[in-house]
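A closer look at the structure
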Amino acid sequence: MESSEISRDLTTVLVTEEQIQEKLVELAARIDADYVGKDLLLVGVLKGAVMVMADLSRALTSHVSIDWMAVSSYGAGTKSSGVVQIRKDLDSDLTDRHVLIVEDIIDSGLTLSWLLENFASRGAASIEVCALLRKPEAAKVEIDCKYVGFDIPTDFVVGYGLDFNERYRNLRDVAVLAPHVYA
Ligand code: PRP
């Protein structure tokens with residue numbers, strides 16, 4: 001889906017499809033160089049990371065394995081609790097693996113903070129994070145993210161995996177959702 005086709009739902013396009021692809025090629029080159037001679041396991045966090053995983057993994061020139069984790073926040077019904085429930089666990093054993101967590105966005109950082117602690121307890125050789133988007137002003141915890149695509153403002157963004165009520169994930173760009181859609 002193109003931004004121009006749903007322009008009434010959007011305020012501005014923040015990151016275009018072309019900018020995303022260019023950035024992912026750049027990040028993939030860094031990742032290729034950093035993991036030479038190592039077996040890398042990419043772990044995508046469902047569902048938002050599907051697009052980033054598809055494009056980042058194909059931009060890599062090295063062999064990688066891919067696995068998925070599905071998590072959801074609970075407790076007082078808000079994400080801000082930082083308490084995370086595993087909906088789908090990894091198929092892989094992380095013992096001695098080099099793990100790169102692939103995320104669409106770091107917002108408060110609470111999901112990743114929990115995941116990093118959880119993965120560390122599983123005996124991985126190394127754990128790093130790659131996130132296409134990061135909202136620095138929304139951070140509630142500091143996340144050491146080695147590969148970041150774009151720092152963005154705290155606006156409500158959708159597209160390229162990011163949803164509002166499960167819609168807009170298939171938008172090619174990342175765009176700010178117009179307030180009339182969710183207000
Ligand atoms: C989004 C995103 C991250 C998380 C980031 O997922 O994919 O996993 O929120 O937010 P945080 O930094 O505040 O923890 P979401 O829970 O919306 O699920 P989804 O990927 O299925 O849309």
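To start, this report covers the structure provided alongside it. (Residues numbered from 1 in each chain as written. Predicted model: local features only at pLDDT ≥ 70, side-chain atom pairs only at ≥ 80, totals over all residues. Heavy atoms only, no water.)

Points about the side chain of Lys-23
Within the secondary structure, Lys-23 is located in helix H1 (residues 17-34). Leave out the neighbours within four places in its chain, and Lys-23 touches Gly-149 and Phe-150. (Helix = DSSP H or I, 4+ residues; strand = E, 2+ residues; numbered from the N terminus. Contact = heavy atoms within 4.5 Å.)

Section: the pattern of salt bridges
Per the stated rule, a full pass over the model turns up 13 salt bridges. Residue Glu-17 pairs with Arg-172 through a salt bridge whose shortest N-O separation is 2.7 Å. Highlighted residues: Glu-17 in helix H1 and Arg-172 in the loop between strand E8 (157-158) and strand E9 (174-177), separated in sequence by 155 residues. For Arg-172, a relative accessible area of 39% gives the class partly exposed. The partner of Arg-169 in a salt bridge is Asp-163, with the nearest N and O atoms 3.5 Å apart. The class of Arg-169 is buried, set by a relative accessible area of 17%. Given a relative accessible area of 25%, Asp-163 falls into the partly exposed group. (Salt bridge = Lys/Arg side-chain N within 4 Å of Asp/Glu carboxyl O. Buried < 20%, exposed > 50% of the residue type's maximum accessible area, 1.4 Å probe, protein only.)

Looking at the pairing of strand E6 (residues 126-134)
One ladder, built from eight bridges, connects strand E5 (residues 98-106) with E6; its direction is parallel. Bridged to Val-102 within E6 is Cys-130. As a crossover connection, the stretch from E5 through helix H3 (residues 110-120) into E6 is right-handed. Pairing analysis gives four bridges linking E6 to strand E7 (residues 147-151), with the strands arranged parallel. Counted as the bridge partner of Leu-133 is Phe-150 from E7. (Pairing = 2+ DSSP bridges. Right-handed = clockwise from strand over helix to strand, strands pointing away.)

Structural notes on H1
Compared with an ideal rise of 1.5 Å per residue, which puts 18 residues at 26 Å, H1 spans 26 Å between its outermost C-alpha atoms and is within 8% of the ideal. Within the sequence span of H1, burial applies to Ile-20, Lys-23, Leu-24, Leu-27, Ala-28, Ile-31 and Asp-32. (Expected span 1.5 Å × (residues − 1).)

Regarding the sheet that holds E6
Overall, mixed pairing links the six strands, which are arranged E4-E3-E2-E5-E6-E7 in an open sheet. Strands with a single pairing partner mark the edges of an open sheet, and in this sheet they are strand E4 (84-88) and E7. Between one strand and the next, the sheet's axes are offset by a mean angle of 30°, whatever the strand orientation. Relative to E5, H3 is tilted by about 170°, and along the sheet it contacts strand E2 (40-46), strand E3 (64-73), E4, E5 and E6. (Axes fitted to C-alpha atoms, helices over the stretch in contact; angles between N-to-C directions.)

Remarks on the sheet that holds E8
Spatially, three strands are ordered E1-E9-E8 in an open sheet, and the strand pairing comes out antiparallel. Lying at the two open borders of the sheet, with one neighbouring strand each, are strand E1 (10-15) and E8. Examined bridge by bridge, E1 and E9 share four bridges and lie antiparallel to one another. Along E9, the bridge assignment pairs Val-13 with Ala-175.

Some points on H3
Among all positions in H3, only Leu-110, Leu-112, Leu-115, Asn-118 and Phe-119 are buried. Contact partners of the buried residues in H3: E2, E3, E4, E5 and E6.

Section: the site of the ligand
The environment of the ligand is made up of 15 residues, and the closest members are Glu-103, Asp-104, Ser-108, Gly-109 and Thr-111. One nitrogen or oxygen atom from the side chain of Glu-103 is found 2.6 Å from an oxygen atom belonging to the ligand. Interatomic distance of 2.6 Å between a side-chain N/O atom of Asp-104 and an oxygen atom of the ligand. Relative to its unbound accessible surface of 500 Å², the ligand loses 81% to contact with the protein. Secondary-structure elements contributing two or more residues to the shell around the ligand are E5 and H3. When residues of the shell around the ligand are assigned to their parent elements, the largest contribution, four residues, is made by E5. (Near = heavy atom within 4 Å. Polar contact = N/O pair within 3.5 Å; in protein donor to acceptor, adjacent residues only side chain to side chain. Areas by Shrake-Rupley, 256 points an atom, 1.4 Å probe, with all protein chains shown as cover.)

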